[in-house]
Amino acid sequence: MKLPSFEGGVHPPDGKALTAEKAVELYQPQGGELIFPLLQHLGAPCSPAVKRGDRVLRGQKLADSDAFVSAPIFSSVSGTVKDIGPRMTIPGSLEECVVVENDGLYETGPDLLETLGLSRPAAPEEYLKVIRAAGIVGMGGACFPTHVKLAPPEGRVIRWFIVNGAECEPFLNCDNRLMLESPDILAEGLQLCLSLFPQAEGIVAIETNKPESIQTMSLELERLGDPRMRVAPQEVKYPQGAEKMLIRSVTGQEIPPGALPADVGCIIVNVRTLYQIHQALTLGTPVLDRIISVTGDVVVSPGNFCVPLGISVRELVERAGGFSEDPVKVLAGGPMMGISMRSLDVPIVKGTSGILALSERSALLPVESNCLRCGRCVEACPMRLVPSNLDHLVRLRDYTAFEQAGGMNCIECGCCTYNCPASRFLTQTCRDGKAAVTAERRKKGAPKK
Amino acid sequence: MTSRLVIASSPHIHSGLTTQKIMGWVLLSLLPAGLAGACFFGARALTVVAVCVVTCVLSEALWQKAMGQPITVSDLSAAVTGVLLAYNLPPTIPLWMAGLGSVFAIILCKQFFGGLGGNIVNPALAGRAMMLISWPVAMTTWTLNGVSGATPLALIKEGVSASVDALPPLWDLVIGRVGGCIGETSAVALLLGGGLLIWKGIISWRIPVVYIAVVAVLSLLLGRTGGVFYEVLAGGLLLGAFFMATDYTTSPMTARGQIIFAAGCGLLTALIRTFGGYPEGVSYSILIMNLTVPLIDGMTKPRILGEVKK
């Protein structure tokens with residue numbers, strides 16, 4: 001049976017076998033520094049709520065902001081605030097961070113519900129407040145604050161609450177393992193979320209290359225016996241897990257350019273985000289840890305690790321046995337959208353789903369040649385753009401034409417570059433074009449569309 | 001241990017299909033037609049192919065060297081142009097003409113426009129058009145087994161319509177035992193190669209199928225003498241539809257655009273064959289449609305996801 005799906009997309013080798021069967025291993029370092037960047041989300045950066053020398057507990061707030069679109073940062077360990085200052089982060093830039101010296105005790109402070117003086121579990125009218133206070137952001141990688149997402153504009157009726165377990169990005173298994181190992185928490189979390197949206201169906205979307213996850217989640221939803229919840233298996237095709245693609249596949253709705261999922265009656269959250277929602281609403285636990293797939297052809301013992309946020313990529317890689325040979329690329333995330341890092345001495349943040357180390361054999365180290373106009377980028381683009389044309393316009397620095405040709409709709413999924421026989425840097429030029437247009441808009445002070 | 005990490009924009013993996021591999025597949029799928037040409041027209045046909053390929057590759061390399069550009073002949077695109085040009089020439093063509101045609105195709109039609117991907121018309125077809133204008137006799141002298149004669153389409157044009165018997169039997173067209181250009185006569189070899197390209201995903205079925213279907217339907221409507229099968233198998237239609245009209249650079253990028261383009265090629269081919277001064281119209285049809293590609297691409301931009309068409 002052909003599943004309903006989006007148009008375009010590609011089928012990269014999925015590399016998932018390296019870690020698919022590896023149960024999540026809890027790793028709690030017994031010492032060393034943990035680094036917490038003040039900006040781990042889309043929105044306003046946080047300001048420190050602690051000062052150097054303070055003793056902090058696991059679960060204690062390190063930083064927060066008064067802005068609505070923001071999310072607080074918590075210490076994932078107990079210890080002492082050693083420094084507040086710039087540190088190297090995953091994209092290679094220096095960002096303001098709180099540095100905590102881990103005492104290895106994992107002494108936990110009062111939970112959120114206690115601090116906020118709320119009942120346990122929280123009442124539905126308090127959900128958004130708790131989610132905001134727990135620092136929950138889209139943990140699939142977009143890092144958009146979840147309390148904003150769960151508060152759709154007035155007048156939008158939510159008909160579909162989609163839990164994104166597609167995990168279309170090759171090599172990663174953190175979401176897969178979470179569904180296999182904590183299906184009860186996810187199912188209950190979905191039920192809690194549905195109480196906010198009385199007219200919505202709760203749908204867990206999973207690609208069919210994870211049959212065990214599909215089965216486990218189905219059983220769990222059945223056990224709760226709520227007719228509003230179901231699993232929707234999805235075609236294995238990258239980028240199935242991209243918000244607009246998954247909404248298209250699950251509901252048949254297309255989100256108009258510039259609109260939000262809520263405008264077509266959808267809210268979509270990643271499985272890990274749902275897990276955090278459940279933990280916050282029932283236990284008062286903020287975002288402290290996450291599961292990360294450490295994988296790639298040069299990693300000695302690839303695996304899935306549940307680690308406190310703030311530990312360094314280097315420590316995580318060492319936990320996975322280190323490298324069997326020098327990698328040419330180490331990525332935060334998967335091979336299609338991951339960020340290549342210049343150093344391993346950077347902290348894991350809320351949106352880090354994987355660490356992928358690639359050898360020269362498996363990494364793309366392209367030499368560009370002339371565009372053949374073969375149309376493979378057009379065929380692959382899930383947004384139905386014409387990447388070769390956008391690439392041309394950006395190289396001409398004709399950003400007005402780039403915008404007119406729909407360049408701002410690019411979701412940077414990488415399908416065009418993946419497919420290009422001439423190895424054109426299509427995704428990269430689109431990214432540059434988008435950045436140039438955004439900068440131009442900001443300069444003009446024009447309202448963001 | 002990690003001192004030499006590469007920083008680059010995502011994605012970090014690639015499908016593995018390169019320009020060189022694509023051109024390699026095209027060359028491989030052109031092989032059967034070339035072998036058929038050698039079989040029916042003798043070793044002389046292979047000499048013409050060799051001259052065209054060597055001249056095309058050398059012209060490209062020398063031009064790029066002279067212009068201080070990176071030499072890209074290893075992408076095999078110049079070799080493909082050479083083979084395609086040769087396949088569009090009579091086996092008896094003087095070799096110096098074949099060589100000059102190759103130089104014209106590569107330097108004037110391809111490199112002047114920026115090299116691979118920049119040309120606005122198919123270089124091999126433009127080379128052939130130039131040769132047809134410059135040396136009309138040499139370009140239309142057809143020999144089979146040492147005997148000169150007319151091509152099947154020329155026979156139809158000359159109006160032997162009264163006696164269909166004078167036309168070679170359909171079977172000869174299927175295997176390629178008729179007068180014509182080196183690589184255009186053997187339908188079975190061309191279908192084999194074209195099928196391979198479609199199977200391997202190098203080309204889509206759209207252009208060849210629509211092109212051939214339109215010619216077939218129109219030949220029926222226009223009441224052409226030889227009948228539908230004759231019209232499809234004779235002349236350069238199969239070579240043109242599978243290997244020339246599908247040239248990426250000079251055909252539209254979207255599915256809808258390709259269908260419009262192929263239908264245009266079919267219409268022009270049927271019109272030229274029936275009403276034009278030439279017996280065959282495939283080359284000119286494709287060349288003319290090549291020039292409409294920017295227009296077609298502009299008209300058939302895909303609808304962006306979620307966009308409401310005005």
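Residues numbered from 1 in each chain as written. Chains lettered and ligands numbered in written order. Predicted model: local features only at pLDDT ≥ 70, side-chain atom pairs only at ≥ 80, totals over all residues. Heavy atoms only, no water.

### Side note on the overall build of chain A
Scanning chain A from terminus to terminus reveals 14 helices and 17 strands. For chain A, whose C-alpha radius of gyration is 21 Å, the value lies close to the compact-globule estimate of 22 Å for 449 residues. Dimensions of chain A, computed from C-alpha atoms along their principal axes, come out at roughly 60 × 50 × 50 Å. Going through the 449 residues of chain A one by one, you find that 60% of them count as buried. Of the contacts formed within chain A by residues at least 6 apart in sequence, a portion of 73% connects residues at least 24 apart. As displayed, chain A has an accessible area near 17,400 Å², and 53% of this comes from carbon and sulfur atoms. Each charge class in chain A can be summarised by its mean position, and for the 46 positive and 51 negative side chains these summaries are 6 Å apart. (Helix = DSSP H or I, 4+ residues; strand = E, 2+ residues; numbered from the N terminus. Rg over C-alpha atoms; globule rule 2.2 N^0.38 Å. Buried < 20%, exposed > 50% of the residue type's maximum accessible area, 1.4 Å probe, protein only. Contact = heavy atoms within 4.5 Å. Areas by Shrake-Rupley, 256 points an atom, 1.4 Å probe, with all protein chains shown as cover. Lys, Arg positive; Asp, Glu negative; His and termini not counted. Charge placed at Lys NZ, Arg CZ, Asp CG, Glu CD.)

### Observations concerning the side chain of T269 of chain B
On the secondary structure map, T269 of chain B appears in helix α13 (residues 255–275). The residues contacting T269 of chain B, other than those within four sequence positions of it, are Y211, V215, G281, V282 and S285 of chain B.

### What to know about helix α4 (residues 95–110) of chain B
Residues and elements named next belong to chain B. Compared with an ideal rise of 1.5 Å per residue, which puts 16 residues at 22 Å, α4 spans 21 Å between its outermost C-alpha atoms and is within 8% of the ideal. Restricting attention to buried positions, one finds in α4 the residues M97, A98, G99, G101, S102, A105, I106, I107, C109 and K110. Among the structural elements, α2 (43–66), α3 (77–87), α5 (123–134) and α6 (136–139) are those in contact with the buried residues of α4. (Expected span 1.5 Å × (residues − 1).)

### Focus on the domain arrangement of chain A
Residues and elements named next belong to chain A. According to the domain assignment, chain A consists of domain 1 (8–28 + 106–365), domain 2 (29–105) and domain 3 (376–443). Summarising the inter-unit geometry, the C-alpha centres of domain 1 and domain 2 are found 22 Å apart. Between domain 1 and domain 2, the contact holds 39 residues from the first and 38 residues from the second. A combined buried area of about 3,100 Å² lies between domain 1 and domain 2, and 62% of that area is made up of carbon and sulfur atoms. Linking domain 1 to domain 2 there are three salt bridges. For R132, the salt bridge goes to D64, with nearest N and O atoms at 3.3 Å. (Domains from an automatic or database assignment. Buried area = accessible area lost by both parts, 1.4 Å probe. Salt bridge = Lys/Arg side-chain N within 4 Å of Asp/Glu carboxyl O.)

### Side note on the pattern of salt bridges
Under the defined criterion, the tally for this structure stands at 37 salt bridges over all chains. Salt-bridge contacts for K129 of chain A lead to E126 of chain A; the nearest nitrogen and oxygen are separated by 3.9 Å. Taking the relative accessible area as the measure of exposure, K129 of chain A reaches 45% and is therefore partly exposed. A salt bridge links R273 of chain B to E231 of chain B; the nearest nitrogen and oxygen atoms lie 3.4 Å apart. Note that R273 of chain B is positioned in helix α13 and E231 of chain B in helix α11 (residues 228–233), a separation of 42 residues in sequence. Since its relative accessible area comes to 2%, E231 of chain B is described here as buried. What emerges from the salt-bridge pattern is a single network uniting E7, R248, E254 and R384 of chain A together with R303 of chain B.

### Quick notes on the packing of α5 of chain B against helix α14 (residues 282–291) of chain B
Helix packing for two helices is described by the angle between their axes and how far apart those axes are. Residue and element names in this part refer to chain B. Where α5 meets α14, the closest approach of the two axes is 10 Å, and the angle between their N-to-C directions is 125°. When the axes of α5 and α14 are compared, the pair comes out oblique. Seen along the crossing, α5 lies across α14 with a hand that is left-handed. When α5 is examined against α14, the residues L125, A126, R128, A129, L132 and I133 are found in contact with a partner set consisting of S283, Y284, I286 and L287. Per-class residue counts for the contact of α5 with α14 are eight nonpolar, one polar and one charged. (Axes fitted to C-alpha atoms, helices over the stretch in contact; angles between N-to-C directions. Parallel < 35°, antiparallel > 145°, perpendicular 65-115°, else oblique. Left-handed = near helix turned anticlockwise from the far one by under 90°. Nonpolar A, V, L, I, M, F, W, Y, C, P; charged D, E, K, R; others polar.)

### Considerations on the environment of G141 of chain A
Of note, G141 of chain A is situated in the loop between α2 (127–133) and α3 (146–149). Through-space distance from the C-alpha of G141 of chain A to that of T295 of chain A is 17 Å; in sequence the pair is 154 residues apart.

### Quick look at the pairing of strand β2 (residues 33–37) of chain A
Residues and elements named next belong to chain A. A large share of β2 lies buried, amounting to four of its five residues. Of the pairings in the sheet, the one linking β2 to strand β8 (residues 94–102) comprises five bridges and is antiparallel in character. What sits directly across from L34, in β8, is V100. (Pairing = 2+ DSSP bridges.)

### Observations regarding the packing of helix α5 (residues 183–194) of chain A against helix α6 (residues 211–224) of chain A
Residue and element names in this part refer to chain A. Relative to each other, α5 and α6 sit at 50°, their axes nearing to 9 Å. Of the possible angle classes, the one that applies to α5 and α6 is oblique. The handedness of the crossing between α5 and α6 is right-handed. Packed against α5, whose contacting residues are P183, D184, L186, A187, E188, L190 and Q191, the element α6 presents T216, M217, E220, L221, R223 and L224 at the interface. Here the contact of α5 with α6 is composed, by residue class, of seven nonpolar, two polar and four charged.

### Regarding the sheet that holds strand β7 (residues 79–88) of chain A
If you walk across this open sheet you meet the four strands as β2-β8-β7-β4 (chain A), and the pairing is antiparallel. Each edge of the open sheet carries a strand with a single partner, namely β2 and β4 (55–56) of chain A.

### Some words on the sheet that holds strand β14 (residues 303–308) of chain A
Residues and elements named next belong to chain A. Taken in spatial order, the six strands line up as β1-β14-β13-β17-β15-β16 in an open sheet, and their pairing is mixed. Bordering the open sheet on either side are β1 (25–26) and β16 (339–340), each of which pairs with just one other strand. The pairing of strand β15 (residues 329–332) with β16 spans two bridges and is antiparallel. Of the residues in β16, the one forming a bridge with L331 is S340. The strands that helix α4 (residues 174–181) touches are β13 (289–295) and β14; relative to β13, the one it contacts most, it runs at about 125°.

### Structural notes on the interface of chain A and chain B
With 61 residues of chain A at the interface, the matching set in chain B holds 39 residues. For the pair chain A and chain B, the two sides together bury roughly 4,100 Å², of which 58% comes from carbon and sulfur. Among the residues of chain A in contact with chain B, L372, R373 and R384 of chain A are the three that bury the most area, contributing 19% of the side total. Here chain A is connected to chain B by two salt bridges. For E254 of chain A, the salt bridge identified is with R303 of chain B, shortest N-O distance 3.1 Å. Where chain A meets chain B, there are 23 residue pairs in polar contact (both at pLDDT 80 or more). Those elements that provide at least two residues to the side of chain A that touches chain B are α7 (243–251), β15, α10 (376–380), α13 (415–419) and α14 (426–444) of chain A. (Polar contact = N/O pair within 3.5 Å; in protein donor to acceptor, adjacent residues only side chain to side chain.)

### A short note on the packing of aromatic side chains
Overall, the coordinates contain four aromatic pairs over all chains when judged by the stated rule. With a centroid separation of 5.4 Å and 50° between ring planes, the pair formed by W63 of chain B and F112 of chain B is classed as tilted. Of the two residues, W63 of chain B sits in helix α2 while F112 of chain B sits in the loop between α4 and α5, which places them 49 residues apart along the sequence. Above the face of the F6 of chain A ring, K237 of chain A is positioned so that its terminal group lies 4.3 Å from the ring centre. The ring of W199 of chain B has K200 of chain B lying over it, and the distance from NZ or CZ to the ring centre is 4.7 Å. (Phe/Tyr/Trp six-rings, centres within 6.5 Å; stacked < 30°, edge-to-face > 60°. Lys NZ or Arg CZ within 6 Å of the ring centre and 35° of its normal.)

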